Amino acid sequence: MALEIMHIDMDAFFAAVEQLDNPILRGKPVIVGGLGQRGVVSTASYEARKYGIHSAMSMVEARRLCPEGIFVQGRHKRYGEISRKIFEIFTTYTPIVEKVSIDEAFLDIRGCHRLFGDSVTIGKKIKQEIKEKIGLTASVGLAPNKFLAKLASDMDKPDGFFIIEENRINEILEPLPVNKIWGVGKKTAAILKNRGITTIGQLKKLSSSELEAIFGKTGTQLYYLSRGIDNRSVSQDDEMKSISHEETFSQDLVDKELIYNGLLEMAERVSRRMRKNGYKGNTIFIKLRYGDFTTLTRRTTLPGAINDTDSIYQTARDLLDRNKLLRKPIRLLGVGVSNLKEYEGTQLSLFSDKITREELTRTIDQIKDRFGDGSITRARNLGKKGLE
Ligand code: TTP
Ligand code: MG
């Protein structure tokens, strides 16, 4: 089992967004939540946590612990906005993203090594991209499965990057308290404590039948999780079920040909990711942002599922033309496919006398994988520069 599951969790998320938007708050104890009489703490910056403040504590208590703290009313719309940007970054690496909460997700990165490198490199790239594009820090956990990946992202917070390799599972798990196991709440922990069990190492002394006798089905789960075994797969959210690519042009574009060239390049990237991950999709969408920042999207659903560059490009181009969208300078353009379904890729046959379009694109993929993106290009894009 390799390191193919990643868990990413933003640090002190709401408070970090407040510090991002208001530099005066940086480095200070910031407490975000409801400021009314019965308000509760949503989260606190790491500076405020030193005072013992944590999520779900009453504001009254928080003010008592840290009178010099800066108390901020939560702005959920803004957190949602930033969250969407973070998830956009995730989905440029892999379509298999499972959203756990507004600031937290699992990523299955098995399919993206050829494009982005080994697992550690991918983890570093994602952290760096979040830092550079959004200005926030995330903690990344990398492990062979979901349980361990989530545990890992919490081990080195904030701005963490923790890896749980196969051969270190026992060494890392055994000293941890039992409540670090997924599903072990106060009740389970109390029952175990009565039997003198507080750490995962001690829990492992119980056989699976002993655990089942005490906890039923949960007992079986405890048996496996305490050994770092977890077979749950990362299941993508419906809202995540799309593959897209967008680019902000180096300058606002008016020239239709340049825009079409950019679109073709993006369609090719989307198509390539879809094929790589074994997806076809029915719905093609485009996103446009004009120079004045007005943003719009358009979509259309095809009768059959596709994933080839030309179908994506032609459909997207048709959306642009049909809606007469290219009348103002374009700042950003995006194209994507949703309504995804998995399919069995057809095997490339070098010896068949007729080469299909699907085979041709697969061959192009293989050449690009081996020799880089610039190694082969469509005649349309030769000598032209639509994108940076
Ligand atoms: P968390 O990821 O649990 O917490 P966090 O990001 O603030 O801090 P860290 O991950 O570094 O430990 O939750 C994400 C956001 O969800 C958090 O910023 C605020 C919100 N939240 C609540 O509103 N109430 C809560 O009880 C919790 C736990 C979180
Ligand atoms: Mg968090």
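Because the structure is a prediction, the values reported are computed rather than measured. (Residues numbered from 1 in each chain as written. Chains lettered and ligands numbered in written order. Predicted model: local features only at pLDDT ≥ 70, side-chain atom pairs only at ≥ 80, totals over all residues. Heavy atoms only, no water.)

1. Focus: the overall build of the chain
And then number 1: Along the backbone of the chain there are 15 helices and twelve strands.
And then number 2: In the chain, buried positions account for 47% of the 388 residues.
And then number 3: Considering only residue pairs separated by 6 or more positions, the chain has 65% of its internal contacts joining residues 24 or more positions apart. (Helix = DSSP H or I, 4+ residues; strand = E, 2+ residues; numbered from the N terminus. Buried < 20%, exposed > 50% of the residue type's maximum accessible area, 1.4 Å probe, protein only. Contact = heavy atoms within 4.5 Å.)

2. Here we look at the side chain of aspartate 308
And then number 1: Secondary-structure assignment places aspartate 308 in the loop between β11 (295-306) and α14 (309-322).
And then number 2: A polar contact of 2.7 Å, which involves the side chain of aspartate 308, links it to the side chain of serine 311. (Polar contact = N/O pair within 3.5 Å; in protein donor to acceptor, adjacent residues only side chain to side chain.)

3. Some details on the layout of surface pockets
And then number 1: The volume enclosed by the largest pocket comes to roughly 1500 Å³.
And then number 2: If you trace the largest pocket, you find 41 residues lining it, with Glu88, Ile89, Thr92, Ser244 and Glu246 closest to the centre.
And then number 3: Mapped by element, the contributors of at least two residues to the lining of the largest pocket are α4 (76-93), α5 (113-116), α6 (119-133), β9 (242-253), α13 (256-277), β10 (279-290), β11 and β12 (330-342).
And then number 4: Taken together, the residues of the lining of the largest pocket sort by class into eleven nonpolar, eleven polar and 19 charged. (1 Å grid on protein atoms, 1.4 Å probe; cavity = no way out; pocket = protein on both sides within 12 Å on 5 of 7 lines; lining within 4 Å. Points joined across faces, edges and corners; volume = space filled by probe spheres on them. Nonpolar A, V, L, I, M, F, W, Y, C, P; charged D, E, K, R; others polar.)

4. Observations regarding the site of ligand 1
And then number 1: In the vicinity of ligand 1 lie 13 residues, with Ala12, Thr43, Tyr46, Arg49 and Asp103 positioned nearest.
And then number 2: In isolation ligand 1 exposes 550 Å². Once the protein is present, 69% of that is buried.
And then number 3: Taken together, the elements giving at least two residues each to the shell around ligand 1 come down to β1 (5-10), α1 (13-21), β3 (41-44) and α2 (46-49). (Near = heavy atom within 4 Å. Areas by Shrake-Rupley, 256 points an atom, 1.4 Å probe, with all protein chains shown as cover.)

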